[in-house]
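# Reading the structure
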Amino acid sequence: MESFCKIFAACSKQTFRMSTLYTNTKIQMHKMDRRLEFSSVINEAEKVVGYPVSFLNMRVILNDEIANILSYTKKLIEMKHPLVQTFSNLVFQNEQKTFGLIVLLMSKVAGLSGNFPESEYDRATGNVKSSLTCWLIVNTFFVDILHSQRVIAEVVEMIKTGHLMHTSLSNIDASTKNVLDINFGNKLALLYGDYLLAISSSELARLKNHHVQEIISSACMDLVESEFFGLRDLQNNPIPSKPLPEQKHIKIPHEFGVESLKFEDVLGNMKAEWTLRNILGSGSLLAKCCQCSLILADHEVFVPKLAYIFGRNLALAWQASSEKVQIKEETFNLVSAPVMLHLQHDPSLYIEIEKGLSDQKKVNYDLIRKVVMSGPGLDKTDQLKREFSDAALNVLDNFSDSGSKTVLINIMKAL
């Protein structure tokens, strides 16, 4: 009888392992299919733009100054510094949001208003009307893009990447091991982020457009504010606010200028808190860069505002889509849409989440994942993504049909 129990226990254990392996394999295959679909859409978008936007980051990363930083990669890997994962995501483009590509596509969708000297057209995308051959290429495949608009596309990538570098810093306290190594990695992350922000500022200054500089500076201000928004744990990772007993519907207004967004009544209202956090964190940057790109094309005032609304809604839909995938992974963000929207339905889960305020290791992520995936959080995240996707699509209805518009629609469908 005892031997039978041992055999039964061993078989049960093996069955559980096989079941877990099967589930993990299905998840990985689904993620692979999704990445392949998304990659094909991005490749098509780059063909329409005529410029491989992945080079926007690589052109800076392969700069001699950055090469000196990358020479320390081996040491960073050995110390398992967060900067390594950031580099990995940038180089291999693991579903990174290609904001520069969106800015170029939006520029093509809107086109140019008025005549510009030939010297102002962007030669990198083949938009030069100096011969019959070039005229045929431009009018068959491309809509004109200005060099200044491509600069905005590069600037948005540099600012986004610099911000990612800065958020890769690891806080050091009394319990931290290998303090010198961690501090070394922090210095590299800080220097790299500062370098990218300095280059982006220099590129903006060369445009000699005060209005554009002011708007993009306000987007950088929003990025900074996002790091001080709401609660934080000891490693500066964001923690949701405690859900209010009554959840209010709060609409975050559009800010086309340089004023700060207001925080009143947002914290504790889960949907509004998630929305404002991600507008500050990425939505404002994409929105204002799309807006500035059309300002440089001399459009009437209402057209850049449409671009702002489109960029903001696309960024939020993109964020919701990526967070729905990340909740199934080993580590995920506690302020992701599935978690926060679940808290609307089940505030009791906050008891587990707030343990992270004192020590992140006290949080049972497996429990939170299990509870969220069995609740309404995932469905509500889908609804949230559709809400912002539909809002972005409605903006595109104001523009005439084109290949660039079709690609933008395909990108939103692939989210």
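It should be noted that the structure appears before, not after, this text.
Here is a short report on the structure shown in this document. (Residues numbered from 1 in each chain as written. Predicted model: local features only at pLDDT ≥ 70, side-chain atom pairs only at ≥ 80, totals over all residues. Heavy atoms only, no water.)

### Regarding the overall build of the chain
Tallying secondary structure elements over the chain gives 17 helices and two strands in all. Evaluated residue by residue, the chain yields a buried proportion of 47% over its 415 residues. Nonlocal contacts in the chain, meaning residues at least 24 apart in sequence, comprise 76% of its contacts between residues at least 6 apart. Just so you have it, the chain exposes about 21100 Å², and 56% of that area is on carbon and sulfur atoms. (Helix = DSSP H or I, 4+ residues; strand = E, 2+ residues; numbered from the N terminus. Buried < 20%, exposed > 50% of the residue type's maximum accessible area, 1.4 Å probe, protein only. Contact = heavy atoms within 4.5 Å. Areas by Shrake-Rupley, 256 points an atom, 1.4 Å probe, with all protein chains shown as cover.)

### Re the pattern of salt bridges
Where charged atoms from two side chains of opposite charge approach closely, those side chains can pair. By the definition in use, this model includes 11 salt bridges. A salt bridge links Arg-150 to Glu-154, with the shortest nitrogen-to-oxygen separation between them at 2.8 Å. Taken as a pair, Arg-150 and Glu-154 lie in helix 8 (residues 147–166) at a separation of four residues, close to a single helical turn. Of the two residues examined, Arg-150 and Glu-154, each falls in the buried class. Close ionic contact of Lys-324 with Asp-382 constitutes a salt bridge, the shortest N to O distance being 2.6 Å. Taken together, the positions of Lys-324 in helix 12 (residues 302–326) and Asp-382 in helix 16 (residues 377–396) put the pair 58 residues apart, joining distant regions of the chain. (Salt bridge = Lys/Arg side-chain N within 4 Å of Asp/Glu carboxyl O.)

### So, helix 6 (residues 99–110)
Over its 12 residues, helix 6 runs 17 Å from end to end, which matches the ideal 16 Å to within 8%, given 1.5 Å per residue. Here helix 6 lies mainly inside the structure; 12 of its 12 residues are buried. Buried residues of helix 6: Phe-99, Gly-100, Leu-101, Ile-102, Val-103, Leu-104, Leu-105, Met-106, Ser-107, Lys-108, Val-109 and Ala-110, and no others. (Expected span 1.5 Å × (residues − 1).)

### Regarding helix 16
Between the first and last C-alpha of helix 16 there are 29 Å, a value that for 20 residues agrees with the 28 Å anticipated at 1.5 Å per step. Along helix 16, the residues that are buried comprise Gly-377, Leu-378, Thr-381, Asp-382, Leu-384, Lys-385, Phe-388, Ser-389, Ala-392, Val-395 and Leu-396. Axial view of helix 16: buried residues confined to an arc of 160 degrees, hence all on one face. (Arc of directions from axis to C-beta.)

Function cannot be inferred from these measures alone, as they are strictly geometric.
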